[in-house]
Amino acid sequence: MGMTIVEKILARATGRSSVSAGDVVEPAVDLAMSHENGALVINQFNEVYKGTGLEARVWDPSKIAIIFDHRVPAESSKTATNQKKIRDFVAKQGIARFHDVRGDEGGICHQILPEYGYVRPGGVVVGTDSHTTSHGALGAFAFGIGATEMAAVWALGKVLNVEVPATIKVVVDGHLPPHVLPKDLILHLVGLLTAEGANFQVIEFHGDAIRRMPTSGRLTICNMSVEAGATSGIVPADDETQRYLREEAGVPGPSSRMAPDADALYSRVIEIDATPLQPQIACPHTVDNVKPVGAVAGTRVQQIVIGSCTNGRLDDLEIAAAIVKDKKIAQGVRMLVFPASWRIYKEAMKRGYLMNLAEAGAVIVNPGCGCCLGVHQGALGDGEVALSTTNRNFKGRMGNPQSEVYLCSPAVAAASALQGTITDPRGN
Amino acid sequence: MAQVVMTIGDDVSTDTIYPGRFMATVLPGETPQYAFADLEINAKLREKKIPAGSVIVAGNNFGCGSSREQAASTLKGHELVVVAKGFARIFLQNSCNLGLRTVICPDIEASEGDELEVGTDGVANKTTGRTFRIEPLPKARQAIIDAGGLIAYTRKRVMESAPRG
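Residues numbered from 1 in each chain as written. Chains lettered and ligands numbered in written order. Predicted model: local features only at pLDDT ≥ 70, side-chain atom pairs only at ≥ 80, totals over all residues.

## A look at the overall build of chain A
When helices and strands are counted, chain A shows 14 helices and 18 strands. Against the globule reference of 22 Å for 428 residues, chain A gives a C-alpha radius of gyration of 21 Å, in line with a compact fold. Across its three principal axes, chain A shows a C-alpha extent of roughly 65 × 55 × 40 Å. The buried share of chain A, taken over its 428 residues, is 61%. Taking the contacts inside chain A whose residues are at least 6 apart along the sequence as the reference set, 77% of them involve residues at least 24 apart. (Helix = DSSP H or I, 4+ residues; strand = E, 2+ residues; numbered from the N terminus. Rg over C-alpha atoms; globule rule 2.2 N^0.38 Å. Buried ≥ 20, exposed ≤ 12 C-beta atoms within 10 Å, placed from the backbone. Contact = placed C-beta atoms within 7 Å.)

So this is what it looks like as structure tokens:
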């Protein structure tokens, strides 16, 4: 029996000729990522070594990445102290892939990792963040783990007791119509699968629409695969992956490619035709509560958010800027823009996207997770409604359980900002 | 025997268990104060009115969303037991790693105040007289639970791999 791409990656990472779904393995880790919750990882890592008489040293400082993004600049003394603790640890352990609160190399972890060429096809990537699934966009097996599990990775260089996941094959053919974006595709898929439909499984993406999709869009669909419960999303590396690595991530030379076997065993196969797809909205309070935009058009909103690890890339800002250029966002609406990294921020500045957005009335916020997780930079008031390009709309997600969050693409968000109500961008 | 102190539906997210606005608090000794921070049960937990071993009964996909380990440590701090029709992957792993007792019970039916006997093979609802089967935890997790949690398990592995001399 053939192998899925994740089975192949796990076979390589464990030095076996083959593995199959259900096997328990301990794959070697190529990249271990944390953000501010690295403070908890450090605590648990030191606990592991307590009483052993051994010095607490990480297994390989060149394979650990730490990126400050969740609360930057620090919103509280507690966060600032956690960040300080991590800085000290990074210096002591010699961790090189550290991205501090800086305008030259900072950003959201799920943008920094691909942008700096840290993720390679066929690799095993773990992160103390559920949206680590993003990095499957480059053909890696990338999944989220908890802080204590990361402490074990730092100590041993492998993930302990991983059950090889089954894989759902999703084939997307056809062409995404104008103003229908990768975000609409993944919202549609999450609605189809439900919030737990891919729990303990991987989503492997195939088809013409995926092959034509740039890496930025693949990052969006892999990012939100976890919203269907998936361990990871993955797009087998192809010419576009090669192009991205060479042109955008500064990785010279050819990179490995790994494809699933033709006779790989899948738990389920889903076929989607992209051509008739409409803009999609995830309605409160679950990500799988997905409807076509027409079903909720006209709903009044007070806050529009464009950005995050899901939709804060250059093409996202480009389409939003094009829609609001020379227009004004509606009175009574706050529009917040969070580019995914400082590299993107500065490029969007050069190209005039940020100017167009700010002239229309948007507030450009520094790259980071911002208000997505309800900590700072854009909490909602009681009874308020937000329309956001982020990835979660759970009750209380944007800092207030008395508010509502709808999720959408950057095109829908920008068109809606002009009207002050949820709006179909295809009418503009 | 343990009492059901809360019943809650499907897709309970980590934002409900441990809201994001408290995420700067990370240490297991400090997280229990924010358990279900936006629900009524939080006050009872903080006032220590809920005895250790009390049960939360949930639907499918309990703990979906974030990888935040605080969602497991906050419930572990109160020694609660979660009996759910199903759990999200990362939450389940975090729970096993930290020793929070999670029980997969696909057909569970119970109301607040019911008395449950949570065994190794099944859950008996003593109030309604009905019993429900339990699904075993993913086998990858059992070795860690048996070792007393992931820190102890990793410590053992680190000691085994350390050069002798």
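The rest of the description comes next.
## Regarding the nonpolar core
Residues Val126(A), Trp154(A), Ala320(A), Val324(A), Leu357(A), Val82(B) and Val83(B) are the most contacted members of the largest nonpolar core, which totals 190 residues. Composition of this core by domain shows at least three residues from each of domain 1 (5-272) and domain 2 (280-427) of chain A. Dropping the residues within four chain positions of it, Trp154(A) is found in contact with Ala32(A), Val41(A), Phe45(A), Val58(A), Trp59(A) and Ile64(A). (Core = buried A, V, L, I, M, F, W, Y, C linked by C-beta atoms within 7 Å. Domains from an automatic or database assignment.)

## Some words on the interface of chain A and chain B
Counting from both sides, the interface comprises 48 residues of chain A and, opposite them, 42 residues of chain B. Those elements that place two or more of their residues in the side of chain A that touches chain B are α2 (38-49), α3 (77-93), α5 (147-156) and β7 (162-163) of chain A. A per-element tally of the side of chain A that touches chain B places α5(A) first, with 7 residues. Across the side of chain A that touches chain B, the residue classes tally to 18 nonpolar, 20 polar and 10 charged. (Nonpolar A, V, L, I, M, F, W, Y, C, P; charged D, E, K, R; others polar.)

## Describing the sheet that holds strand β10 (residues 232-234) of chain A
Residue and element names in this part refer to chain A. Ordered by their spatial adjacency, 4 strands build an open sheet running β10-β9-β8-β11, and the pairing between neighbours is parallel. Only two strands of the sheet have a single partner each, and these edge strands are β10 and β11 (268-273). Going from strand to strand, the sheet's axes swing by 20° on average, the running direction of each strand aside. As defined by bridge partners, strand β8 (residues 166-173) adjoins β11 across 6 bridges and the pair is classed as parallel. From the neighbouring strand, valine 170 faces β11, where its bridge partner is isoleucine 270. (Pairing = 2+ DSSP bridges. Axes fitted to C-alpha atoms, helices over the stretch in contact; angles between N-to-C directions.)

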